[in-house]
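Fold and contact review
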Amino acid sequence: MPTLEERVAGLETAVTALAETLKAGQEQLAGAVELLKDLVSTLSPLADSVRTLADAQGQLISVVRTLAEADWAHAWKEHFKPHRVGPFVITPPWAALPAPADGLPVVIDPGLAFGTGLHPTTQLCLELAAELVRPGETVLDLGTGSGILAIAAARLGAGQVLALDIDPLAVKAARANVRRNRLSRQVKVVRGTLKGPTGPFGLILANLSAPVLTELAPAIAASLASGGRLVASGLLVGRADDLERLYAGLGLESLDRRTSGDWAALVLGRGQG
Ligand SMILES: C[S@@+](CC[C@H](N)C(=O)[O-])C[C@H]1O[C@@H](n2cnc3c(N)ncnc32)[C@H](O)[C@@H]1O
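Read on for a plain summary of the structure. Note that this is a predicted model, so its numbers are computed, not measured.

Conventions adopted
- Residues numbered from 1 in each chain as written.
- Predicted model: local features only at pLDDT ≥ 70, side-chain atom pairs only at ≥ 80, totals over all residues.
- Helix = DSSP H or I, 4+ residues; strand = E, 2+ residues; numbered from the N terminus.
- Buried ≥ 20, exposed ≤ 12 C-beta atoms within 10 Å, placed from the backbone.
- Contact = placed C-beta atoms within 7 Å.
- Pairing = 2+ DSSP bridges.
- Axes fitted to C-alpha atoms, helices over the stretch in contact; angles between N-to-C directions.
- Near = placed C-beta within 6 Å.
- Nonpolar A, V, L, I, M, F, W, Y, C, P; charged D, E, K, R; others polar.
- Expected span 1.5 Å × (residues − 1).
- Arc of directions from axis to C-beta.

Here the focus is the overall build of the chain. Scanning the chain from N- to C-terminus turns up 7 helices and 10 strands. By residue count, 31% of the 273 residues in the chain fall in the buried class.

The following block contains the structure:
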């Protein structure tokens, strides 16, 4: 049996061993902490580099995108030169030569909107407007785009012309073109669509698309004055019969149909009454 002194001595040895173990653990822990610090200080510049690379890549992508958009936005300008459609001479404002004197001038910068006068549906509408606009009558240009049909109608002697479009870029372009053609007193450009009976209008020019002409049919028909005419275009020839039937059901008779390639324009009329 160990004596009390021997037990105390054993306990002291055990406490000393424990203290040494703890100290060694503490030192290992401190070493690990130092290692971690080193790791963090090596990784942070690396993370900064990765971040810088990602930023640079983002900037590169946005530069490429801007260049591509700028190219797309301006490439068509090369093909947009003064041209005649019916009685109109359509000229971009940057054309080097003045418009010929023997035509109705329509100066158009479409910006990002539809309506240079080069598309068959616009041309069908311009030719029909030249036959249909009566001096002084009220005209609605539904889906005005660049404002080309509204400006053409005013040039033909229409009274007031309301030009509607849901696209803010089209509204901006159309307003600028109306000012450019000095027609701000006759042509009002408004952002929006036809929601119900409006006007009534003696002539509605609607170069839209078959689905939109279908959706807006009740509002269009209700906005046509008695004796008024509707030019409905932007549709493929194959959709013409359906649309004529739809508008017949709303009281509009078919007066004429013109085509250019695959495209059609319908002239529909509301009888006097
Ligand atoms: C084919 S472009 C016609 C542009 C111009 N009127 C022309 O003849 O060249 C059709 C235009 O109708 C607009 N549009 C489409 N849906 C419409 C809607 N529900 N109400 C008014 N405008 C609409 C488009 O934003 C576009 O500017």
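Attention now goes to the environment of Ala232. Here Ala232 lies in strand β8 (residues 224–236). Accessibility expressed as a C-beta count within 10 Å gives 30 for Ala232, which makes it buried. Once the C-alpha coordinates of Ala232 and Leu213 are considered, the two residues, 19 residues apart in sequence, prove to be 7.3 Å apart. Apart from the residues within four sequence positions on either side, Ala232 is in contact with Ala206, Leu213, Leu243, Leu266 and Leu268.

Let us now look at the sheet that holds strand β2 (residues 88–91). Strand order in the open sheet formed by 3 strands is β1-β2-β3, with mixed pairing between adjacent strands. Bordering the open sheet on either side are β1 (83–85) and β3 (104–107), each of which pairs with just one other strand. If you compare each strand with its neighbour and ignore which way they point, the axes differ by 30 degrees on average. Both β1 and β2 contribute to a ladder of 3 bridges, which runs antiparallel. Each bridged residue has a counterpart across the sheet, and for Arg84 the counterpart in β2 is Val89. Along the sheet face, helix α3 (residues 148–155) touches β2 and β3 and points at about 155 degrees away from the line of β3.

What follows concerns the sheet that holds strand β10 (residues 263–269). If you trace the 7 strands from one edge of the open sheet to the other, you get β6-β5-β4-β7-β8-β10-β9, paired in mixed fashion. Each edge of the open sheet is held by one strand with a lone partner, namely β6 (187–191) and β9 (253–260). Averaged over all pairs of adjacent strands, the angle between strand axes in this sheet comes to 15 degrees, irrespective of strand direction. Helix α4 (residues 168–180) rests against β5 (161–165) and β6 of the sheet, and its axis sits at about 165 degrees to β6.

Not every one of the 21 residues close to the ligand is listed here, only the nearest: Gly115, Thr122, Gly143, Gly145 and Thr193. Among the elements of the structure, α2 (120–132), α3 and β5 are those that each provide at least two residues to the shell around the ligand. Of the residues that constitute the shell around the ligand, the class distribution is 11 nonpolar, 8 polar and 2 charged.

Moving on, we come to α4. With 13 residues, α4 extends 18 Å between its outermost C-alpha atoms, agreeing within 8% with the 18 Å of an ideal straight helix rising 1.5 Å per residue. Three or more residues of α4 are buried, namely Ala170, Val171, Ala173, Ala174, Asn177 and Val178. Down the axis of α4, the buried side of the element spans an arc of 165 degrees, and every buried residue falls inside it. Against α3, β5 and β6 lie the buried residues of α4.

Trans peptide bonds make up most of the peptide bonds, and negative phi angles are found at most residues other than glycine. The amide bond that connects Gly199 to the next residue, Pro200, takes the cis arrangement and shows omega of 5 degrees. Counting through the fold element by element, Pro200 comes out in the loop between β6 and β7 (201–207).

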